[in-house]
Amino acid sequence: LKQTVSDKLEVIKLGVGGVGPRFELRLWQLEGSKLEPDLVILAFCIGNDFTDEQDAVMPRSLANAMIETSYIFRLVRNLYRLTGVIHPTEIIVKEETETDEKQQGGYELKNYVYHPNEPTFSRPAFLQVVASRMAITHQANRAMFTTLLENLKPVLLLFRDAVVKTNAKLVVMLIPDEYQVYPTLLLEVANQLGQRPEEYDVDLPQNQLIQFFEEHKITYLDLLPMFKERAKTDVLYKLQDTHWNIEGNQLAAKELAKYLSKRF
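Residues numbered from 1 in each chain as written. Predicted model: local features only at pLDDT ≥ 70, side-chain atom pairs only at ≥ 80, totals over all residues. Heavy atoms only, no water.

### Thoughts on the pattern of salt bridges
Stage number 1. Applying the stated criterion to the full structure yields eleven salt bridges.
Stage number 2. For E188, the salt bridge identified is with R123, shortest N-O distance 2.6 Å. Here R123 lies in helix α4 (residues 123–134) and E188 lies in helix α7 (residues 183–192), a separation of 65 residues in the sequence.
Stage number 3. We classify E188 as partly exposed; its relative accessible area is 31%.
Stage number 4. Note on R123: relative accessible area 31%, which makes it partly exposed.
Stage number 5. Among the ionic pairs, E229 bridges to K232, the shortest N-O distance being 3.0 Å.
Stage number 6. You can call K232 exposed: its relative accessible area is 64%. (Salt bridge = Lys/Arg side-chain N within 4 Å of Asp/Glu carboxyl O. Helix = DSSP H or I, 4+ residues; strand = E, 2+ residues; numbered from the N terminus. Buried < 20%, exposed > 50% of the residue type's maximum accessible area, 1.4 Å probe, protein only.)

Spelled out as C-alpha coordinates, the structure:
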(Lines give C-alpha, C1' and ligand atoms only; values in the text may rest on other atoms or scores of the structure.)
Protein backbone atom coordinates (compact mmCIF):
# COMPACT_ATOMS: atom_id res chain seq x y z
CA LEU A 1 0.00 0.00 0.00
CA LYS A 2 1.12 3.55 -0.66
CA GLN A 3 -0.31 6.74 0.77
CA THR A 4 -0.88 9.42 -1.84
CA VAL A 5 -0.84 13.19 -1.46
CA SER A 6 -4.64 13.25 -1.22
CA ASP A 7 -4.52 10.90 1.80
CA LYS A 8 -6.05 8.08 -0.22
CA LEU A 9 -4.49 4.65 -0.23
CA GLU A 10 -3.19 3.15 -3.43
CA VAL A 11 -3.26 -0.66 -3.35
CA ILE A 12 -1.13 -2.59 -5.83
CA LYS A 13 -1.61 -6.34 -6.25
CA LEU A 14 1.62 -8.17 -6.99
CA GLY A 15 0.40 -11.65 -6.14
CA VAL A 16 0.98 -14.59 -8.47
CA GLY A 17 -1.02 -17.79 -8.18
CA GLY A 18 0.61 -21.12 -7.39
CA VAL A 19 3.87 -19.81 -5.94
CA GLY A 20 5.52 -19.86 -2.54
CA PRO A 21 7.52 -17.38 -0.46
CA ARG A 22 10.73 -17.97 -2.44
CA PHE A 23 9.14 -16.81 -5.67
CA GLU A 24 7.43 -13.93 -3.86
CA LEU A 25 10.74 -12.79 -2.38
CA ARG A 26 12.37 -12.73 -5.80
CA LEU A 27 9.39 -10.88 -7.29
CA TRP A 28 9.68 -8.31 -4.51
CA GLN A 29 13.41 -7.86 -5.15
CA LEU A 30 12.96 -7.42 -8.90
CA GLU A 31 9.67 -5.53 -9.10
CA GLY A 32 7.94 -4.71 -5.80
CA SER A 33 10.78 -2.75 -4.25
CA LYS A 34 10.75 -0.35 -7.22
CA LEU A 35 7.20 0.70 -6.35
CA GLU A 36 8.38 2.33 -3.09
CA PRO A 37 5.40 1.22 -0.97
CA ASP A 38 4.78 2.31 2.59
CA LEU A 39 3.40 -1.06 3.64
CA VAL A 40 3.85 -4.58 2.26
CA ILE A 41 1.36 -7.34 3.09
CA LEU A 42 2.65 -10.86 2.53
CA ALA A 43 -0.27 -13.31 2.45
CA PHE A 44 0.96 -16.66 3.75
CA CYS A 45 -1.44 -19.52 2.99
CA ILE A 46 -1.09 -22.37 5.48
CA GLY A 47 -2.50 -24.84 2.96
CA ASN A 48 0.33 -24.63 0.43
CA ASP A 49 2.97 -22.01 1.27
CA PHE A 50 4.91 -24.46 3.42
CA THR A 51 5.18 -26.93 0.56
CA ASP A 52 5.27 -24.80 -2.61
CA GLU A 53 8.78 -24.80 -4.10
CA GLN A 54 10.04 -27.26 -1.52
CA ASP A 55 10.07 -30.16 -3.94
CA ALA A 56 13.13 -31.79 -2.40
CA VAL A 57 11.29 -32.24 0.93
CA MET A 58 7.94 -33.42 -0.43
CA PRO A 59 7.34 -36.84 -2.02
CA ARG A 60 8.94 -36.81 -5.48
CA SER A 61 7.03 -37.05 -8.71
CA LEU A 62 8.29 -36.78 -12.28
CA ALA A 63 7.22 -33.12 -12.42
CA ASN A 64 8.95 -32.35 -9.11
CA ALA A 65 12.13 -34.02 -10.30
CA MET A 66 12.13 -31.96 -13.50
CA ILE A 67 11.50 -28.74 -11.56
CA GLU A 68 14.29 -29.53 -9.14
CA THR A 69 16.92 -30.42 -11.76
CA SER A 70 16.03 -28.44 -14.88
CA TYR A 71 16.61 -24.70 -15.18
CA ILE A 72 14.66 -24.60 -18.46
CA PHE A 73 11.67 -26.36 -16.91
CA ARG A 74 11.65 -23.92 -13.99
CA LEU A 75 11.92 -20.98 -16.37
CA VAL A 76 8.96 -22.16 -18.45
CA ARG A 77 6.91 -22.80 -15.32
CA ASN A 78 7.67 -19.36 -13.88
CA LEU A 79 6.87 -17.59 -17.14
CA TYR A 80 3.52 -19.37 -17.14
CA ARG A 81 2.92 -18.23 -13.55
CA LEU A 82 3.60 -14.63 -14.46
CA THR A 83 0.80 -14.64 -17.02
CA GLY A 84 -1.44 -14.01 -14.00
CA VAL A 85 0.22 -10.68 -13.22
CA ILE A 86 -1.61 -7.45 -14.09
CA HIS A 87 -2.10 -6.48 -17.71
CA PRO A 88 -3.33 -2.89 -18.15
CA THR A 89 -6.06 -3.92 -20.57
CA GLU A 90 -7.59 -6.18 -17.91
CA ILE A 91 -8.11 -3.47 -15.31
CA ILE A 92 -11.76 -2.58 -14.89
CA VAL A 93 -12.35 0.93 -13.59
CA LYS A 94 -15.78 2.50 -13.30
CA GLU A 95 -15.47 6.24 -13.72
CA GLU A 96 -17.05 8.47 -11.09
CA THR A 97 -20.43 9.90 -11.96
CA GLU A 98 -22.90 12.13 -10.19
CA THR A 99 -24.82 9.07 -8.99
CA ASP A 100 -21.85 6.84 -8.22
CA GLU A 101 -19.15 8.42 -6.10
CA LYS A 102 -17.09 5.28 -5.57
CA GLN A 103 -14.68 3.82 -8.08
CA GLN A 104 -14.57 0.07 -8.41
CA GLY A 105 -11.63 -1.91 -9.71
CA GLY A 106 -10.79 -5.51 -10.46
CA TYR A 107 -9.55 -7.92 -13.09
CA GLU A 108 -11.69 -9.35 -15.81
CA LEU A 109 -11.91 -13.15 -15.92
CA LYS A 110 -13.01 -14.21 -19.37
CA ASN A 111 -16.10 -16.43 -19.47
CA TYR A 112 -16.14 -16.89 -15.69
CA VAL A 113 -19.36 -16.78 -13.68
CA TYR A 114 -19.18 -17.04 -9.90
CA HIS A 115 -21.50 -19.68 -8.45
CA PRO A 116 -20.97 -19.97 -4.67
CA ASN A 117 -22.89 -23.24 -4.43
CA GLU A 118 -21.35 -24.92 -7.48
CA PRO A 119 -18.41 -27.17 -6.48
CA THR A 120 -15.04 -26.76 -8.14
CA PHE A 121 -13.94 -30.36 -7.46
CA SER A 122 -15.86 -33.59 -7.06
CA ARG A 123 -16.14 -34.63 -3.41
CA PRO A 124 -13.49 -37.40 -3.66
CA ALA A 125 -11.07 -35.10 -5.49
CA PHE A 126 -11.63 -32.30 -2.98
CA LEU A 127 -11.05 -34.60 0.00
CA GLN A 128 -7.84 -35.80 -1.62
CA VAL A 129 -6.62 -32.21 -1.94
CA VAL A 130 -7.50 -31.49 1.70
CA ALA A 131 -5.75 -34.69 2.83
CA SER A 132 -2.53 -33.62 1.10
CA ARG A 133 -2.70 -30.18 2.75
CA MET A 134 -3.46 -31.67 6.18
CA ALA A 135 -0.41 -33.94 5.99
CA ILE A 136 1.99 -31.34 7.42
CA THR A 137 0.05 -31.35 10.72
CA HIS A 138 -0.04 -35.14 11.25
CA GLN A 139 2.02 -36.35 14.19
CA ALA A 140 3.82 -38.87 11.98
CA ASN A 141 5.07 -36.07 9.73
CA ARG A 142 6.53 -33.81 12.41
CA ALA A 143 10.08 -34.22 11.07
CA MET A 144 8.93 -33.27 7.56
CA PHE A 145 7.10 -30.20 8.90
CA THR A 146 10.16 -29.14 10.89
CA THR A 147 12.29 -29.35 7.74
CA LEU A 148 9.78 -27.36 5.73
CA LEU A 149 9.65 -24.68 8.43
CA GLU A 150 13.42 -24.48 8.84
CA ASN A 151 13.81 -24.06 5.07
CA LEU A 152 11.30 -21.20 5.11
CA LYS A 153 12.76 -19.24 8.01
CA PRO A 154 15.74 -17.73 6.12
CA VAL A 155 13.42 -16.83 3.22
CA LEU A 156 11.07 -14.94 5.55
CA LEU A 157 14.01 -13.18 7.21
CA LEU A 158 15.36 -12.14 3.83
CA PHE A 159 11.90 -10.85 2.92
CA ARG A 160 11.71 -8.84 6.13
CA ASP A 161 15.16 -7.34 5.61
CA ALA A 162 14.50 -6.54 1.94
CA VAL A 163 11.29 -4.68 2.82
CA VAL A 164 12.85 -2.79 5.73
CA LYS A 165 15.72 -1.76 3.48
CA THR A 166 13.24 0.24 1.39
CA ASN A 167 11.86 1.97 4.53
CA ALA A 168 8.55 0.11 4.17
CA LYS A 169 6.75 -1.89 6.83
CA LEU A 170 5.97 -5.60 6.48
CA VAL A 171 2.91 -7.45 7.74
CA VAL A 172 2.54 -11.20 7.23
CA MET A 173 -1.13 -12.21 7.06
CA LEU A 174 -1.63 -15.88 7.96
CA ILE A 175 -4.44 -17.41 5.91
CA PRO A 176 -6.01 -20.47 7.57
CA ASP A 177 -6.85 -23.61 5.64
CA GLU A 178 -10.42 -24.91 5.57
CA TYR A 179 -9.73 -28.03 7.66
CA GLN A 180 -8.43 -25.76 10.45
CA VAL A 181 -11.66 -23.77 10.46
CA TYR A 182 -14.24 -26.56 10.11
CA PRO A 183 -13.71 -29.59 12.41
CA THR A 184 -16.28 -31.57 10.42
CA LEU A 185 -14.02 -31.46 7.36
CA LEU A 186 -11.04 -32.57 9.42
CA LEU A 187 -13.10 -35.47 10.79
CA GLU A 188 -14.33 -36.52 7.34
CA VAL A 189 -10.85 -36.63 5.84
CA ALA A 190 -9.30 -38.34 8.87
CA ASN A 191 -11.99 -41.03 8.79
CA GLN A 192 -11.42 -41.57 5.09
CA LEU A 193 -7.72 -42.08 5.76
CA GLY A 194 -8.39 -44.44 8.65
CA GLN A 195 -6.95 -41.98 11.16
CA ARG A 196 -8.20 -40.05 14.18
CA PRO A 197 -8.65 -36.26 14.18
CA GLU A 198 -6.54 -35.95 17.33
CA GLU A 199 -3.55 -37.27 15.37
CA TYR A 200 -3.49 -33.89 13.63
CA ASP A 201 -2.14 -30.81 15.40
CA VAL A 202 -4.10 -28.41 13.20
CA ASP A 203 -2.84 -25.28 14.99
CA LEU A 204 0.81 -26.32 14.64
CA PRO A 205 1.64 -24.20 11.53
CA GLN A 206 0.33 -20.95 13.03
CA ASN A 207 1.83 -21.66 16.47
CA GLN A 208 5.29 -22.30 15.05
CA LEU A 209 5.20 -19.33 12.69
CA ILE A 210 3.96 -16.97 15.40
CA GLN A 211 6.75 -18.09 17.72
CA PHE A 212 9.26 -17.40 14.94
CA PHE A 213 7.70 -14.00 14.16
CA GLU A 214 7.78 -12.99 17.83
CA GLU A 215 11.45 -13.97 18.13
CA HIS A 216 12.45 -11.99 15.03
CA LYS A 217 10.12 -9.01 15.40
CA ILE A 218 8.08 -9.72 12.28
CA THR A 219 4.64 -8.12 12.38
CA TYR A 220 1.81 -10.54 11.65
CA LEU A 221 -1.95 -10.95 11.58
CA ASP A 222 -3.32 -14.44 12.33
CA LEU A 223 -6.79 -14.84 10.83
CA LEU A 224 -7.43 -18.30 12.28
CA PRO A 225 -9.21 -17.21 15.51
CA MET A 226 -11.56 -14.87 13.62
CA PHE A 227 -12.37 -17.51 11.03
CA LYS A 228 -13.00 -20.19 13.66
CA GLU A 229 -15.43 -17.92 15.45
CA ARG A 230 -17.32 -16.84 12.33
CA ALA A 231 -17.39 -20.42 11.01
CA LYS A 232 -19.78 -21.34 13.83
CA THR A 233 -22.54 -19.55 11.95
CA ASP A 234 -21.32 -18.84 8.41
CA VAL A 235 -19.84 -20.63 5.41
CA LEU A 236 -16.54 -18.95 4.53
CA TYR A 237 -15.13 -21.18 1.79
CA LYS A 238 -16.42 -21.88 -1.70
CA LEU A 239 -17.95 -25.32 -2.03
CA GLN A 240 -15.30 -28.02 -2.53
CA ASP A 241 -12.72 -25.50 -3.72
CA THR A 242 -10.18 -24.62 -0.87
CA HIS A 243 -10.52 -20.85 -1.54
CA TRP A 244 -12.63 -18.32 0.35
CA ASN A 245 -16.08 -17.43 -0.89
CA ILE A 246 -17.34 -13.83 -0.89
CA GLU A 247 -18.09 -13.95 2.86
CA GLY A 248 -14.61 -15.27 3.61
CA ASN A 249 -12.97 -12.54 1.56
CA GLN A 250 -15.09 -9.89 3.25
CA LEU A 251 -14.18 -11.17 6.70
CA ALA A 252 -10.46 -11.17 5.88
CA ALA A 253 -10.66 -7.68 4.41
CA LYS A 254 -12.45 -6.27 7.46
CA GLU A 255 -10.03 -7.90 9.89
CA LEU A 256 -7.02 -6.68 7.92
CA ALA A 257 -8.39 -3.13 7.74
CA LYS A 258 -9.13 -3.17 11.48
CA TYR A 259 -5.64 -4.45 12.26
CA LEU A 260 -3.86 -1.93 10.06
CA SER A 261 -5.89 1.03 11.36
CA LYS A 262 -5.01 0.15 14.95
CA ARG A 263 -1.36 -0.66 14.40
CA PHE A 264 -0.40 1.99 11.86
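### Some points on the nonpolar core
Stage number 1. Counting 61 residues, the largest nonpolar core has F50, L209, F213 and F227 as its most contacted members.
Stage number 2. At ten residues, the largest contribution of residues to this core is made by helix α5 (residues 142–165). (Core = buried A, V, L, I, M, F, W, Y, C linked by side-chain atoms within 4.5 Å.)

### Here's the deal with the sheet that holds strand β5 (residues 219–222)
Stage number 1. With respect to topology, three strands assemble into an open sheet ordered β3-β4-β5, the strand pairing being parallel. Each end of this open sheet is capped by a strand with a single partner; those strands are β3 (39–45) and β5. Sheet twist, expressed as the average angle between the axes of neighbouring strands with direction ignored, equals 25 degrees.
Stage number 2. Here four bridges tie strand β4 (residues 169–175) to β5, and the two strands are oriented parallel to one another. Bridged to V171 within β5 is T219. (Pairing = 2+ DSSP bridges. Axes fitted to C-alpha atoms, helices over the stretch in contact; angles between N-to-C directions.)

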